[in-house]
Amino acid sequence: DEHEACLVAAVAAEREVYVKMPVDDGTDPAEVALGAEIVARRAPQATLFLTPLTPPAGRTATIEGPALERLHAAASARHRDVRVLSQLHKVLGIL
């Protein structure tokens, strides 16, 4: 898939690599698990950031805490460095 190919190319180019995965209440945990597996296999040193989506005019994420915790657990079971990073620019109203 194109995401995996991009990740492979970045690692091959010896770039500093991190991965952002946008999530919301409709995100399938199996999809997050698959993404985390790809990162673990292709770029084990990379940090995987789960990024709760924020509506363009909003300041609150489109995912509730328990759902985000489930997605984090699914990703963490497959990759060692998983973090949550909000879309801070939207929360602050900068972009």
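Since this is a predicted model, take the numbers as computed values, not measurements.

### Focus: the overall build of the protein
Move 1: Along the backbone of the protein there are four helices and three strands.
Move 2: The order of helices and strands in the protein, counted from the N terminus, is α-β-α-β-α-β-α.
Move 3: Here the C-alpha atoms of the protein give a radius of gyration of 14 Å, agreeing with the 12 Å that 2.2 N^0.38 yields for 95 residues.
Move 4: If you line up the protein on its principal axes, its C-alpha atoms span 40 × 30 × 20 Å.
Move 5: Scored against the burial criterion, the 95 residues of the protein give a buried share of 35%.
Move 6: Long-range contacts, defined here as pairs at least 24 residues apart, represent 76% of the contacts in the protein between residues at least 6 apart.

### A short note on the nonpolar core
Move 1: Within the largest apolar cluster, 19 residues are counted, with the highest numbers of intra-cluster contacts made by Leu7, Val23, Val32, Leu48 and Leu50.
Move 2: Those residues in contact with Leu50 that sit more than four places away from it in its chain are Met21, Val23, Val32, Leu71, His72, Val82, Arg83, Val84 and Leu85.

### Comments concerning helix α1 (residues 2-12)
Move 1: Here α1 starts with a cap whose side-chain oxygen sits 3.3 Å from the backbone nitrogen of His3, and that cap is Asp1.
Move 2: A positive phi of about 60° marks Glu14, the residue just after α1.

The rules behind these values
- Residues numbered from 1 in each chain as written.
- Predicted model: local features only at pLDDT ≥ 70, side-chain atom pairs only at ≥ 80, totals over all residues.
- Heavy atoms only, no water.
- Helix = DSSP H or I, 4+ residues; strand = E, 2+ residues; numbered from the N terminus.
- Rg over C-alpha atoms; globule rule 2.2 N^0.38 Å.
- Buried < 20%, exposed > 50% of the residue type's maximum accessible area, 1.4 Å probe, protein only.
- Contact = heavy atoms within 4.5 Å.
- Core = buried A, V, L, I, M, F, W, Y, C linked by side-chain atoms within 4.5 Å.
- Polar contact = N/O pair within 3.5 Å; in protein donor to acceptor, adjacent residues only side chain to side chain.

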